Amino acid sequence: MPGRNSIVIKLILVITLSSSLIFAVTLGYNYYRSRIILEKELEGNARNLAMSLVNRVETVLTSVTKVTEGVARSLETGRYNEAELLSLIKTTLENNPDIYGSCIAFEPFAFKASSRLYAPYYYREKGKIAFSRLEDSYKFVPYLYWDWYQIPRELNRLEWSEPYFDEGAGNIPMSTCSVPFYAQSGGTKLLKGIVTADISLESLTELVSSVKILKTGYAALLSRNGMVLAHPLKEAVMNETFFSIAEARNDPSLRELGKKMVRGETGFILYKSLVGVRSWMYYAPIRSTGWTLAVVFPESELLANVTRLSITMMLMGLTGILLLTLAVISIARSITKPLRSLAAATHVMASGNFDLELPPVKSNDEVGVLARDFQMMKESLKEYIKNLTETTAAKERIQSELNVATDIQASLLPRLFPAFPDRPEFDIFASMDPAKEVGGDFYDFFFIDQNNLCFLIADVAGKGVPAALYMMVAKTLLKSEGQRLGEPGQILSCVNNILAADNDSCMFATVFCAILDTRNGEVRFANAGHNPPLIMDSGGVRYMTLKSGFVLGPMPDTDYATEHLSMLPGDTLFLYTDGVNEATNFADELFGEPQLLAALQNGPKEELKEIVHNIRTEVTRHANGAPQSDDVTMVAIKYRGKAA
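Residues numbered from 1 in each chain as written. Predicted model: local features only at pLDDT ≥ 70, side-chain atom pairs only at ≥ 80, totals over all residues. Heavy atoms only, no water.

Draft legend 1. Representation of the overall build of the chain. Check the secondary structure of the chain and you find 15 helices and 22 strands. A principal-axis box enclosing the C-alpha atoms of the chain has dimensions of 155 × 90 × 40 Å. Evaluated residue by residue, the chain yields a buried proportion of 44% over its 644 residues. The contacts of the chain with a sequence gap of at least 6 include a subset with a gap of at least 24, amounting to 64%. Summing over all exposed atoms, the chain offers an accessible surface of approximately 33,500 Å²; the carbon and sulfur share of this is 56%. A gap of 13 Å separates the mean positions of the 63 positive and 73 negative side-chain charges of the chain. (Helix = DSSP H or I, 4+ residues; strand = E, 2+ residues; numbered from the N terminus. Buried < 20%, exposed > 50% of the residue type's maximum accessible area, 1.4 Å probe, protein only. Contact = heavy atoms within 4.5 Å. Areas by Shrake-Rupley, 256 points an atom, 1.4 Å probe, with all protein chains shown as cover. Lys, Arg positive; Asp, Glu negative; His and termini not counted. Charge placed at Lys NZ, Arg CZ, Asp CG, Glu CD.)

Draft legend 2. Structural detail: the pattern of salt bridges. Counted according to the given criterion, the structure contains 21 salt bridges. In this structure, Glu-618 and Arg-621 form a salt bridge, with 3.1 Å as the shortest nitrogen-oxygen distance. Here Arg-621 and Glu-618 lie together in helix 15 (residues 608–623), a separation of three residues that amounts to about one turn. (Salt bridge = Lys/Arg side-chain N within 4 Å of Asp/Glu carboxyl O.)

Draft legend 3. Molecular detail of the side chain of Thr-518. Structurally, Thr-518 can be placed in the loop between strand 16 (509–517) and strand 17 (522–528). The exposure class assigned to Thr-518 is buried, which follows from its relative accessible area of 1%. Within the local environment of Thr-518, its side chain forms a polar contact with the side chain of Arg-423, the two groups lying 3.3 Å apart. Not counting residues up to four positions away in its chain, the partners in contact with Thr-518 are Arg-423, Glu-425, Phe-426, Phe-447, Asn-451 and Tyr-639. (Polar contact = N/O pair within 3.5 Å; in protein donor to acceptor, adjacent residues only side chain to side chain.)

Draft legend 4. Molecular detail of the packing of aromatic side chains. Throughout the structure, instances matching the rule amount to 22 aromatic pairs. When the centroid spacing of 4.9 Å and the interplanar angle of 45° are considered together, the rings of Phe-106 and Phe-111 count as tilted. Among the residues examined, Phe-111 registers a relative accessible area of 22% and is labelled partly exposed. Both rings, one in Phe-268 and one in Trp-280, keep their centres 5.0 Å apart while their planes meet at 15°; by these two values the pair is stacked. (Phe/Tyr/Trp six-rings, centres within 6.5 Å; stacked < 30°, edge-to-face > 60°.)

Draft legend 5. Fine view of helix 11 (residues 464–485). An ideal rise of 1.5 Å per residue puts 32 Å on 22 residues; helix 11 measures up with 31 Å between its terminal C-alpha atoms. Within helix 11, the full set of buried residues consists of Gly-464, Ala-467, Ala-468, Tyr-470, Met-471, Ala-474, Lys-475, Leu-477, Leu-478, Glu-481 and Gly-482. One or two steps after helix 11, the chain reaches Gly-486, where phi turns positive at roughly 80°. (Expected span 1.5 Å × (residues − 1).)

Draft legend 6. Geometry of the sheet that holds strand 9 (residues 228–230). The strand order across the open sheet built from five strands is 9-8-12-11-10, with neighbouring strands paired in antiparallel fashion. The open sheet has two edge strands, strand 9 and strand 10 (267–272), and neither has a second partner. For this sheet the average axis-to-axis angle between neighbouring strands, irrespective of direction, equals 35°. Bridging between strand 8 (residues 218–222) and strand 9 involves two bridges; their strand directions are antiparallel. Directly across from Leu-222, in strand 9, lies its bridge partner Val-228. Of the strands in this sheet, strand 8, strand 10, strand 11 (278–286) and strand 12 (291–298) touch helix 7 (residues 252–262), which is tilted by about 25° from strand 11. (Pairing = 2+ DSSP bridges. Axes fitted to C-alpha atoms, helices over the stretch in contact; angles between N-to-C directions.)

Draft legend 7. The confidence of the model for the chain, seen in detail. Residue-level pLDDT values for the chain average 85, and 90% of them are 70 or greater. For the chain, helix 10 (residues 366–412) is the element with the lowest average pLDDT, namely 71, and strand 21 (residues 572–576) is the one with the highest, namely 96. (pLDDT = per-residue confidence, 0-100.)

Draft legend 8. Main features of the environment of Ile-515. With respect to the element layout, Ile-515 can be found in strand 16. Remark: the alpha-carbon pair of Ile-515 and Pro-142, spanning 373 residues in sequence, is separated by 125 Å. Those residues in contact with Ile-515 that sit more than four places away from it in its chain are Ile-448, Asn-452, Leu-453, Cys-454, Gly-486, Glu-487, Pro-488, Ile-491, Glu-522, Val-523 and Arg-524.

Draft legend 9. Spotlight on unusual backbone geometry. In this chain, Phe-417 is followed by Pro-418 through a cis amide linkage whose omega measures 0°. When you line up the elements, Pro-418 lands in the loop between helix 10 and strand 13 (426–433). Backbone geometry places Lys-126, a non-glycine residue, at a positive phi of 55°. According to the relative accessible area criterion, Lys-126 is exposed, its value standing at 83%.

Draft legend 10. Seen up close, the pairing of strand 3 (residues 128–133). Inspection of the sheet shows strand 2 (residues 120–125) paired to strand 3 by six bridges, in the antiparallel sense. Considered in strand 3, the bridge of Tyr-122 is made with Phe-131. Linking two consecutive strands that pair antiparallel, namely strand 2 and strand 3, is a turn of two residues; a positive phi of about 55° is found at Lys-126 within it.

Draft legend 11. Local environment of the sheet that holds strand 13. Judged by pairing direction, the sheet is antiparallel, and its five strands sit side by side in the order 13-22-21-18-19 without closing on themselves. The open sheet has two edge strands with one neighbour each: strand 13 and strand 19 (540–543). Neighbour to neighbour, the strand axes of the sheet diverge by 15° on average, direction disregarded. In this sheet, strand 19 lies alongside strand 18 (residues 534–537) in antiparallel orientation, the contact comprising four bridges. Each bridged residue has a counterpart across the sheet, and for Met-536 the counterpart in strand 19 is Val-541. Along the sheet face, helix 14 (residues 593–602) touches strand 18, strand 19 and strand 21 and points at about 155° away from the line of strand 19.

Draft legend 12. Spotlight on the pairing of strand 21. Burial of strand 21 is extensive: five of the five residues sit out of reach of the surface. The alternating pattern of strand 21 places Thr-572, Phe-574 and Tyr-576 on one face and Leu-573 and Leu-575 on the opposite face, and all of these are buried. By the bridge criterion, three bridges tie strand 18 to strand 21 in an arrangement that is antiparallel. Across the sheet, residue Met-536 finds its bridge partner in strand 21, namely Thr-572. Sheet analysis places strand 21 next to strand 22 (residues 632–639), joined by five bridges and oriented antiparallel. Counterpart to Leu-573 in the pairing with strand 22 is Ile-637.

Draft legend 13. Molecular detail of the packing of helix 14 against helix 15. With their axes 10 Å apart at the nearest point, helix 14 and helix 15 run at an angle of 135° to one another. Here helix 14 lies oblique to helix 15, going by the angle between them. Relative to helix 15, helix 14 is oriented so that their crossing is right-handed. Where helix 14 approaches helix 15, its residues Gln-595, Leu-596, Ala-599 and Leu-600 are matched on the opposing element by Ile-611, Asn-614, Ile-615, Glu-618, Arg-621 and His-622. Looking at side-chain class alone, the contact of helix 14 with helix 15 contains five nonpolar, three polar and two charged residues. (Parallel < 35°, antiparallel > 145°, perpendicular 65-115°, else oblique. Left-handed = near helix turned anticlockwise from the far one by under 90°. Nonpolar A, V, L, I, M, F, W, Y, C, P; charged D, E, K, R; others polar.)

Draft legend 14. Molecular detail of the environment of Leu-221. Tracing the sequence through the fold places Leu-221 in strand 8. Here Leu-221 is in contact with Leu-204, Met-227, Val-228, Leu-229, Ala-230, Ile-286, Trp-291, Thr-292 and Leu-293, once residues within four sequence places are set aside.

Draft legend 15. Looking closely at a nonpolar patch on the surface. A grouping of Ile-311, Met-314, Leu-315 and Leu-318 is seen on the molecular surface, where their side chains present a nonpolar patch of about 350 Å² in accessible area. By the element assignment, Leu-318 lies in helix 9 (residues 304–350). (Patch = residues over 30% accessible without salt bridge, like charges linked within 9 Å, V, L, I, M, F, W, Y side chains within 5 Å.)

This is the structure we're talking about:
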């Protein structure tokens, strides 16, 4: 049975997943394009349906408007007594079934000098025409203050009122078309009254609701202020506006949609309907009244056929992918059978058994070539492992010897501190971190007599084993000659001549050698090309000014001058090799003398161990992970004065 990482499994996964991806992309694109096409067709159909409804509503409203204007013109051109006036209103109502009620409301004392208000009103009630006097029906608020009278009176033009419930007269939700009429008096037009025609909102609702849209789609009607006039949500009709519903839902998009409708715009959008269903809506204005008519298509019903088709295609595709997978399994297993046998044999070889015979493969295809190459590789590996074993053993011997050399070199340098616990006149501390297993830097300190301490620091050119060997010779000579001669300049001159005598490889070392008189703090020193030390005294921290001198080793008969320095109690001398000031980071930026000076100025001053460790920390921080390129060696000596 192939493992989950076998070629068969990978081949099956690649082909199956690739086929599935291609099918998914194709199905998704087909669904996307079908939806786009459907939405475009829907927009056109919705526009036609909405405009058809708008035209039907406009037809009703226009006919009512024309009838109302005709009555107003008749009143302006003719003179009617009360009976004729009532007959005109009643006849108008009888001949126009779209009109629910009609009224002629006069200005105060405009009809009769004896009557302040006069407003006869005919309306439909239970299939018959009823009569009422609005000056009697509106007992608490005279008709003069109602919107259907006051707005056209002030604007001097035809106006459709906002829908309202006519309590006291028609007693139904309605909207009123109001037309002012005038009388001529001495060439001046004087307002005589308002002719009205009411339409029942129930009839408009029936007209709008008569349109069937999918299963649960609907048409809705909104007033010019956003009030719901016709909608399946019955409790919202005449009780809610588009904006109050938007506020209740905290839905800014619904509020913006309401603003567009109130402005008389036309649009086609996807939104969450008032009944909480994602739907497409086309809305258009009814110009004569400023109202908005909208047709709503639930998205789920609209896309039902596309969704069913996509599901059918998906099932067909999955069946095809399953059949393709079975075919791939059969073909892949037949191709990879010899490979599996070869893999089993190489697995045994991987455990170290190179004497195993590989299974024979007689074919001349890629599998046969692979089997023959494996046979050759097996023989080559046997030979290579034999050579590698011998080489590794040799390297291990060398590494072992290097480790011993490291220990030997470390043991040559003083490592126990305090070095002279019984000598309170001074304190000394040193450290050396080699860049390789063994290094070329070294330091040393020793008494040449009871009162004179010789201390030195040196840096041999190069790194590794050659530098370490040269370092051991130089250190031994410096100590032996130091104890014999007792003067720094003479010590360096003598050691230089000895080293130069047999220096065919031109090795050299820089050395700073000094002798401290522990009785009075006098320091005698000589320099063989080494970095200048720093003195830390009451005046601060500064680099010493000294003669550089020539390095030890390349040239015999070189003279080195002995110089003098007086240290007061508390003064410290700091010696270092170029592994400190030439330490670099990944940007090849040097640590440098200024940064070393600043680190000593800002760092500890009393404890020598803290001074040395602080500088080592600053060098490591500057390197920021860059590999150490040179040995880092430091020596610090503090003169404390003669014990009391």
